[in-house]
Amino acid sequence: MERHLNVPFSKDDIKDFEIGDVVYLSGVIYSARDAAHKRMIEAYENGEPFPFDIKNQTVYYLGPTPARPGAIGSAGPTTSGRMDKYTPTLLDKGLIGMIGKGRRSEGVIDSIKRNKCIYFAAVGGAGALLSKCIKASEVIAYDDLGPEAIRKLTVENLPVIVVIDSDGRNLYEECIKNL
């Protein structure tokens, strides 16, 4: 099914989404990769706030290339498994959506189910096309990390696919079962 979703969104907004649904995201999301995730968790463990209010937010696992004409350079997803050791804590604290590519650990899947969150995949190798959906990009934290700095992104019709829905159904596992 094809769906359009404004971000940020609520758990009610995604409760009927199913694996395989194509979703077009519009609104504000944040980019963060493994170095930023590590730093966010270290700050949290030291009693510091996250660099943005993560409640009902979506994070895109992305390290863009330098900007060409437009808001951002190539914006393809990175492998999500790199964030798996940090993700359950972020989901427990209010993060609701993730965009990346590849499988997730059982701990992340359990946290997705427990928190009624969602994991989307963006098409790897299509970073130049995906960047056209990013209308604005602003570094908001960890500028010293370069491409891995946290960015606030304004997106319009960013195409993603539901890979793990809020009930924990997993598109990758379903596809393997059907081979």
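Summarised in this report is the structure supplied together with it. Every residue gets a number counted from 1 within its own chain, in the order that chain's sequence is written. Given that this is a predicted model, residues contribute local features only at a pLDDT of at least 70 and side-chain atom pairs are listed and counted only at 80 or more, while totals for whole chains, interfaces and linings are drawn from all residues. Each side-chain value is worked out from all heavy atoms of the structure, with water and hydrogens disregarded.

### A short note on the nonpolar core
Generally speaking, soluble globular proteins have nonpolar side chains that are buried together. Within this scheme, the nonpolar core is defined by two criteria: the residues are buried Ala, Val, Leu, Ile, Met, Phe, Trp, Tyr or Cys, and they are joined through side-chain atoms within 4.5 Å. When accessible area is computed with a 1.4 Å probe and restricted to protein chains, residues below 20% of their type maximum are described as buried, those above 50% as exposed, and intermediate ones as partly exposed. With 52 residues, the main nonpolar core has Leu 25, Ile 99, Phe 120, Ile 150 and Leu 158 as its most contacted residues. No other element matches strand 7 (residues 150-164), which puts eight residues into this core. Any pair of residues with heavy atoms lying within 4.5 Å of one another is described as a contacting pair. Once you skip the residues sitting within four places of it in the chain, Ile 150 turns out to touch Tyr 30, Ser 31, Ala 32, Ala 36, Met 40, Pro 51, Phe 52, Glu 138, Val 139, Ile 140, Ala 141 and Tyr 142. Strands are runs of DSSP state E lasting at least 2 residues, helices are runs of H or I lasting at least 4, and numbering of each runs from the N terminus.

### Examining the pattern of salt bridges
Whenever Lys or Arg places a side-chain nitrogen within 4 Å of a carboxyl oxygen from Asp or Glu, that contact is recorded as a salt bridge. Applying the stated criterion across every chain, the model contains 12 salt bridges. Among the ionic pairs, Asp 144 bridges to Arg 39, the shortest N-O distance being 2.8 Å. On the criterion of sequence distance, the pair formed by Asp 144 in the loop between strand 6 (134-141) and strand 7 and Arg 39 in helix 2 (residues 34-45) is long-range, its members being 105 residues apart. Given a relative accessible area of 27%, Arg 39 falls into the partly exposed group. The salt bridge involving Lys 113 is made with Asp 110; its shortest N-O contact spans 4.0 Å. Linking Lys 113 with Asp 110, this pair stays in helix 4 (residues 106-115), spanning three residues, or about one helical turn. One salt-bridge network, in which partners are shared between bridges, spans Lys 116, Asp 165, Asp 167 and Arg 169.

### Describing helix 2
Here a helix's expected span is defined as the number of its residues, less one, multiplied by 1.5 Å. The terminal C-alpha atoms of helix 2 lie 16 Å apart, and with 12 residues this matches the ideal 16 Å at 1.5 Å per residue to within 8%. Residues Ala 36, His 37, Met 40, Ile 41 and Ala 43 constitute the buried set of helix 2. End-on view of helix 2: buried residues confined to an arc of 160 degrees, all on one side of the axis. For helix 2, the secondary structure elements touched by its buried residues are strand 3 (58-60), helix 3 (87-92) and strand 7. Phi for Gly 47, located one or two positions after helix 2, is positive at around 80 degrees. This arc describes the spread of directions from the helix axis toward the C-beta atoms.

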